[in-house]
Protein chains: 2
Amino acid sequence: MSKITALDTYDVRFPTSRELDGSDAMNPDPDYSAAYVVMRTDQPDLAGFGLAFTIGRGNDVQKAAIDALADHVVGLDLDEVIGDLGGFSMRMVGDSQLRWLGPEKGVMHMAIGAVVNAAWDLAARVAGKPLWRFIADMTPEQIVAAIDFRYLTDALTPEEALTMLHTMAHGKAERIEQLLAEGYPAYTTSPGWLGYSDEKMQRLAREAVAQGFRTIKLKVGMNVEDDVRRCRLARATVGPDIAIAVDANQRWSVPDAIAWLRRLTDVQLKWVEEPTSPDDVLGHAAIRKAVAPVPISTGEHTQNRVIFKQLFQAGAVDLVQIDAARVGGVNENLAILLLAAKYGIRVYPHAGGVGLCELVQHLAMADFVSITGKKEDRAIEFVDHLHEHFVDPVVIRNGHYIAPQTPGFSAQMHAATLAQYRYPDGPVWCEPLVTATAQ
Amino acid sequence: MSKITALDTYDVRFPTSRELDGSDAMNPDPDYSAAYVVMRTDQPDLAGFGLAFTIGRGNDVQKAAIDALADHVVGLDLDEVIGDLGGFSMRMVGDSQLRWLGPEKGVMHMAIGAVVNAAWDLAARVAGKPLWRFIADMTPEQIVAAIDFRYLTDALTPEEALTMLHTMAHGKAERIEQLLAEGYPAYTTSPGWLGYSDEKMQRLAREAVAQGFRTIKLKVGMNVEDDVRRCRLARATVGPDIAIAVDANQRWSVPDAIAWLRRLTDVQLKWVEEPTSPDDVLGHAAIRKAVAPVPISTGEHTQNRVIFKQLFQAGAVDLVQIDAARVGGVNENLAILLLAAKYGIRVYPHAGGVGLCELVQHLAMADFVSITGKKEDRAIEFVDHLHEHFVDPVVIRNGHYIAPQTPGFSAQMHAATLAQYRYPDGPVWCEPLVTATAQ
């Protein structure tokens, strides 16, 4: 009987602020980072990998929160983890003392998500399947058993979820073939960072279209005149057939969002992302009503299934992002995907960052195969940086994510990356700047 | 010019689980704890004190989060801190990298709250006033300048807040005299912990009434038959004139809460606290509508002003708790008190724990003097343990909190307590159990 022998954690940071990659109205100088976790077993070649994504300062706090979970994990039989992924999640989510630090939100919840995701990675590796396929091969009963329905039953009961999953079991094999042949649509935020010049934005937008992307996203929210100019310029650059989304990264209060968005109606936006606080369900509903038919969206910072549930109940959004490393791991994201399916809300997963593309592709693909059967008028965000640090990096072809084939959840980083970018003592952070930027 | 020279933090834990003090349906075995912070200055006799309350495991994570704020604090001129308490808060709340860990929720936000509260403590000490009086002596303009109105302006603008505060400036001196003479009403949860026997609950309830408390609170949510029995027994014990509130500590999903509360209607509850997830604004509204006229309440785990705003906008609650150490400190609690006043929602502050009584009394008293002018049909929770560890402990007389007179925010602990209860190396945690429980 194999055992979990260690929960090793790493504070890994990339000095992205030196190039203004990832800059937006709320995050002017992020250093994309990961609190990275390795769940080791007594088999030297078998471990599970997970991460919480942060943007620099505080990544040590995030790492400390993962360390605080070691007692729930180390010493367990491997089967206790991968044989009952619902129970494994509840060990941590249900720890009454740790709950006080949330409950189910922020640093502690992201830490649980990282460890839970590492367990799913481990389970998929043992099964010899990429995670999306591992989920696709679960029975409806197994999926429902992995989900915590507390606080959900006024919107979705286990019985309803079972019925939905049984209905979608038809045609699963065909959808797996279709996914393997076609991939899953991607969209790109690469042209849109707020720190880029108009020329760089236009060049990258043209390149994106040439690469097969059908949707691009621009950051907005710093200056309304700049936003109007950049959005119009982007529309002129890509033409009428490419969708343009914008992302305000929580910049506005409700009245500001309404006034600002009324200036952008002529651009025909595909969606407006994070117009205000991610906690403000009623605020999103008010904005959506005021600027209709402009589609409203949020989700990358939505803390848990309870807020997603309310976004759907309140008619606050036209579509949502999910994030693989924000909520309590795969289990909670399955709950969110089922809720979205029940309410008919399309999901455009959030990615970028460190490893978020690698992770979230599996969830979107599992959704297509097992939950909604749909992948058109949906797309996974793609940003083309930092993939080289991953053992099984995403593959994008003609604007689509190609379905991963390697067993696991694709979160494993190269050992050399951990050595090089470890904060604060890795060479990138210790050596003179000229060396670091030459990486 | 004085400077902030250090931000020292302590992991302090009390072994309360050994006696089942503080046990409820969600928290069966809490070890009441504090991530305690001392903001030192270059004057040896001048420091600010604050804390984040936790219930045991994870207190080290909370401490690490406070440590992560040191760079925002150490080296500042004293005047930069106490001369601009709004700006001081925004230094941390507005740190774009740290925001990613919330935003404005959970571990990182409670850490900011602890440091912000330490700054208010410092400011009140320099002014030579207890905090409630320090706030009472602020002008409306100074109070408004301390508040972050982002995400609030659809419910409360700075101009409205100013008008409210100017209106209430009349009669302030009389209310200060009244507060000093009468104190502020308290209610007690001491009889109601779920781990207590019926006999202990009845004895403590009788004692509470004899001590002058007009409201008691019982924990519920583990077993409905037990709850019905205990509530009826409590009603028979205290008679019809003492109010009985119940607290489910987030135990139920929405349909469960409705079914459960329909069993308790004959007890004439003063309020039902935390029937479901603190994040579920619409869930509270649904429960309130279904069990009307039973008053519904939440707040001790309400993460920030954005959720409070929605509770009020949605008509989800009849009254709320505030907590001095859950949100981003005094500044955000002032915003919440102003919002509550605007919507006509009564505030029954949450206390107990470690130092929460000491802290929150100041906010309730400031609310009476400067914001609502009301203290009847309101009360501050009181639990009679752990006060001996504080330099300026609360004083309760005839069911009322007596207004503190010592300068500051009353959060300072005795040096001996820090030495004795420091985790994991204090004697209470190292020595054999028999020694520890004999403290």
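Anyway, here's the lowdown on the structure attached to this text. Nothing here was measured: the structure is a model prediction, and the numbers come from that model.

**Description of the sheet that holds strand E1 (residues 4-13) of chain A**
All names here are of chain A.
Part 1: Across the sheet, which stays open at both edges, the 3 strands sit in the order E1-E2-E3 with antiparallel pairing between neighbours. Here the strands that pair on one side only, and so sit at the sheet edges, are E1 and strand E3 (47-54). For this sheet, the mean angle separating the axes of adjacent strands, direction not counted, is 15 degrees.
Part 2: Inspection of the sheet shows strand E2 (residues 33-41) paired to E3 by 8 bridges, in the antiparallel sense.

**Regarding the side chain of Arg378 of chain B**
Part 1: For Arg378 of chain B, the position within the fold is in the loop between helix H17 (356-371) and strand E11 (380-382).
Part 2: The buried charged residue Arg378 of chain B lacks any salt bridge partner; its closest oppositely charged side chain belongs to Asp367 of chain B, at an N-O distance of 4.6 Å.

**As for the environment of Glu207 of chain A**
Part 1: Structurally, Glu207 of chain A is set in helix H11 (residues 198-210).
Part 2: Note: C-alpha distance between Glu207 of chain A and Val238 of chain A (31 residues apart in sequence) is 9.8 Å.

**Re the interface of chain B and chain A**
Part 1: Counting from both sides, the interface comprises 62 residues of chain B and, opposite them, 62 residues of chain A.
Part 2: Looking at the side of chain B facing chain A, the largest losses of area belong to Arg57, Gln97 and Trp100 of chain B, adding up to 18% of the total buried there.
Part 3: Run the count over chain B and chain A and you get 6 salt bridges.
Part 4: Applying the counting rule to chain B against chain A returns 33 residue pairs in polar contact (both at pLDDT 80 or more).
Part 5: Mapped by element, the contributors of at least two residues to the side of chain B that touches chain A are strand E3 (47-54), helix H1 (59-67), helix H5 (96-99), helix H6 (106-127), helix H13 (254-262), helix H14 (281-291) and helix H15 (305-313) of chain B.
Part 6: With 5 residues, H15 of chain B is the single largest residue contributor to the side of chain B that touches chain A.
Part 7: A per-class count over the side of chain B that touches chain A returns 28 nonpolar, 20 polar and 14 charged.

**Topic: empty space enclosed by the protein**
Part 1: Per the stated rule, a full pass over the model turns up 16 cavities of 30 Å³ or more.
Part 2: Roughly 150 Å³ of internal volume is contained in the largest cavity.
Part 3: Along its surface, the largest cavity is lined by 21 residues, and Trp100 of chain A together with Tyr32, Trp193, Glu300 and His350 of chain B are the ones closest to its centre.
Part 4: Split by residue class, the lining of the largest cavity holds 9 nonpolar, 6 polar and 6 charged.
Part 5: When residues of the lining of the largest cavity are assigned to domains, at least three fall in each of domain 1 (4-137 + 417-437) and domain 2 (172-414) of chain B.

**Some thoughts on the environment of Glu160 of chain A**
Residue and element names in this part refer to chain A.
Part 1: Along the chain, the position of Glu160 falls in helix H9 (residues 158-169).
Part 2: In the structure, Glu160 is positioned 178 residues away from Leu338 in sequence and 9.6 Å away in space, judged by C-alpha atoms.
Part 3: Not counting residues up to four positions away in its chain, the partners in contact with Glu160 are Ala155 and Lys342.

**Observations regarding the relation of the copies chain B and chain A**
Part 1: Taken as rigid bodies, chain B and chain A are interconverted by a rotation of 180 degrees and an axial shift of 0.0 Å, the fit giving an RMSD of 0.0 Å. The two molecules are tied by a two-fold rotation axis, judged by turn and shift. Relative to the rotation axis, the closest C-alpha in chain B is found at Gly106 of chain B, a distance of 2.5 Å.

**Re the sheet that holds E3 of chain B**
Residues and elements named next belong to chain B.
Part 1: Spatially, E1-E2-E3 is the arrangement adopted by the 3 strands of the open sheet, whose pairing is antiparallel. Each having just a single partner strand, strand E1 (4-13) and E3 make up the two edges of the open sheet. Along the sheet, successive strands turn relative to each other by an average axial angle of 15 degrees, direction set aside.

**Side note on H15 of chain B**
All names here are of chain B.
Part 1: Burial of H15 is extensive: 8 of the 9 residues sit out of reach of the surface.
Part 2: Buried within H15 we find Arg305, Val306, Ile307, Phe308, Lys309, Gln310, Leu311 and Phe312.
Part 3: Two to three positions downstream of the cap, the backbone nitrogen of Val306 sits 3.0 Å from a side-chain oxygen, assigning the N-cap of H15 to Asn304.
Part 4: The first or second residue beyond H15 is Gly315, which carries a positive phi of 60 degrees.

**Considering the pattern of salt bridges**
Part 1: Under the criterion given, the structure shown has 66 salt bridges over all chains.
Part 2: One salt bridge connects Asp266 of chain A with Arg232 of chain A, and the closest N-O pair in it is separated by 3.0 Å. Taken together, the positions of Asp266 of chain A in the loop between helix H13 (254-262) and strand E7 (269-273) and Arg232 of chain A in helix H12 (residues 224-238) put the pair 34 residues apart, joining distant regions of the chain.
Part 3: The class for Asp266 of chain A is partly exposed, based on a relative accessible area of 45%.
Part 4: The salt bridge involving Lys217 of chain B is made with Glu273 of chain B; its shortest N-O contact spans 2.9 Å. Of this pair, Lys217 of chain B sits in strand E5 (residues 215-219) while Glu273 of chain B sits in strand E7 (residues 269-273), placing them 56 residues apart in sequence.
Part 5: We classify Lys217 of chain B as buried; its relative accessible area is 0%.
Part 6: If you follow the salt bridges from partner to partner, you end up with Arg99, Glu104, Asp148, Arg305 and Glu332 of chain A in one network.

Calculation rules
- Residues numbered from 1 in each chain as written.
- Chains lettered and ligands numbered in written order.
- Predicted model: local features only at pLDDT ≥ 70, side-chain atom pairs only at ≥ 80, totals over all residues.
- Heavy atoms only, no water.
- Pairing = 2+ DSSP bridges.
- Helix = DSSP H or I, 4+ residues; strand = E, 2+ residues; numbered from the N terminus.
- Axes fitted to C-alpha atoms, helices over the stretch in contact; angles between N-to-C directions.
- Buried < 20%, exposed > 50% of the residue type's maximum accessible area, 1.4 Å probe, protein only.
- Lys, Arg positive; Asp, Glu negative; His and termini not counted.
- Salt bridge = Lys/Arg side-chain N within 4 Å of Asp/Glu carboxyl O.
- Contact = heavy atoms within 4.5 Å.
- Buried area = accessible area lost by both parts, 1.4 Å probe.
- Polar contact = N/O pair within 3.5 Å; in protein donor to acceptor, adjacent residues only side chain to side chain.
- Nonpolar A, V, L, I, M, F, W, Y, C, P; charged D, E, K, R; others polar.
- 1 Å grid on protein atoms, 1.4 Å probe; cavity = no way out; pocket = protein on both sides within 12 Å on 5 of 7 lines; lining within 4 Å.
- Points joined across faces, edges and corners; volume = space filled by probe spheres on them.
- Domains from an automatic or database assignment.
- Least-squares fit on C-alpha atoms with pLDDT ≥ 70 in both.

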